[in-house]
Amino acid sequence: MWSEGGASRVDRRDKLGLVGATLWMTGLSGSGKSTLAGMLEQRLINSGRPAYRLDGDNLRHGLCEGLGFGAEDRRENIRRVGEVARLIADAGLVAIASLISPYRADRERVRALHVDAGLPFAEVYIRAPLEVCEARDPKGLYKRARAGQIQGFTGIDDPYEPPELSDTFGSGPAKPGSVHTVVIRTDEQSPEICVGQLVSLVHELTGRD
């Protein structure tokens with residue numbers, strides 16, 4: 001049986017000024033997810049807004065240790081991280097999840113988890129063309145995938161399914177507490193501009209500066 005805590009989300013908002021949300025950053029390897037997530041976390045904390053980054057690679061050292069990269073393991077990986085993000089957002093922090101999360105259905109389940117809980121959620125498509133991501137290749141993964149050393153690599157021999165309903169940033173404000181989907185173009189804008197857009201999105205989702 002679910003056990004309710006002594007402090008509610010309203011208590012955390014009214015007494016501590018905390019309004020949580022989840023930004024789910026999805027995109028190809030090399031698109032800039034981890035870089036932007038780290039910069040966003042620092043910007044928010046510097047401004048006095050509690051935030052925590054959930055990095056896909058880091059989580060495979062603990063919470064998601066032992067999971068592979070097949071469809072079923074990817075689904076379970078996203079489910080686990082989605083549940084943790086929901087808890088962080090419910091606690092009044094901004095959860096910043098940066099994972100490739102290639103399958104649309106898996107991301108929709110995370111979205112529904114937040115909708116059912118009444119928590120602000122944004123799916124953020126960190127978009128850069130495959131050729132740009134492959135040219136960056138910060139971890140050398142594309143090179144290994146092209147050489148056949150990695151099987152089922154997203155963008156090479158496994159698909160990436162972009163969000164179906166996505167708007168470039170600034171196409172319309174989100175109401176506080178709403179569910180939002182936006183595109184951040186890291187091939188066209190500097191990291192600083194992209195992070196500024198993400199900070200604005202956090203403000204829109206939570207109704208707090």
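Residues numbered from 1 in each chain as written. Predicted model: local features only at pLDDT ≥ 70, side-chain atom pairs only at ≥ 80, totals over all residues. Heavy atoms only, no water.

### Considering the nonpolar core
The nonpolar side chains of a soluble globular protein tend to be buried with one another.
Here's step 1: Counting residues in hydrophobic clusters, the biggest one holds 22 residues, and the most contacted among them are Leu 23, Met 25, Leu 36, Ile 96, Val 124 and Leu 198.
Here's step 2: Looking at this core, the elements with two or more residues in it are strand 1 (21-26), helix 2 (33-46), strand 3 (94-98), strand 4 (121-127), strand 6 (179-185) and helix 8 (191-206).
Here's step 3: By residue number, the principal contributor to this core is helix 8, which donates 7 residues.
Here's step 4: Ignoring anything within four residues of it in the chain, the contact list for Met 25 reads Lys 33, Leu 36, Ala 37, Ile 96, Ala 97, Ser 98, Leu 99, Val 124, Ile 126 and Leu 198.
Here's step 5: Ranked by size, the runner-up nonpolar core spans 14 residues in total, among them Leu 59, Ala 85, Ala 97 and Val 110. (Core = buried A, V, L, I, M, F, W, Y, C linked by side-chain atoms within 4.5 Å. Buried < 20%, exposed > 50% of the residue type's maximum accessible area, 1.4 Å probe, protein only. Helix = DSSP H or I, 4+ residues; strand = E, 2+ residues; numbered from the N terminus. Contact = heavy atoms within 4.5 Å.)

### Considering the side chain of Arg 185
Here's step 1: Counting through the fold element by element, Arg 185 comes out in strand 6.
Here's step 2: Polar contacts involving the side chain of Arg 185 include one to the side chain of Asp 187, which spans 2.8 Å.
Here's step 3: For Arg 185, the contacting residues outside a window of four places in its chain are Arg 127 and Cys 194. (Polar contact = N/O pair within 3.5 Å; in protein donor to acceptor, adjacent residues only side chain to side chain.)

### A look at the state of the cysteines
Defined simply, a disulfide is a covalent bond joining two cysteines at their sulfur atoms.
Here's step 1: What the rule picks out here adds up to 0 disulfides.
Here's step 2: Not engaged in a disulfide, the cysteine Cys 133 finds its nearest cysteine sulfur in Cys 194; these two sulfurs lie 12 Å apart. (Disulfide = S-S within 2.5 Å.)

### Observations concerning the packing of aromatic side chains
Here's step 1: A full pass over the atoms with the stated rule returns 2 aromatic pairs.
Here's step 2: Looking at Arg 60, its charged tip hangs above the ring of Phe 69, at a distance of 3.9 Å from the centre. (Phe/Tyr/Trp six-rings, centres within 6.5 Å; stacked < 30°, edge-to-face > 60°. Lys NZ or Arg CZ within 6 Å of the ring centre and 35° of its normal.)

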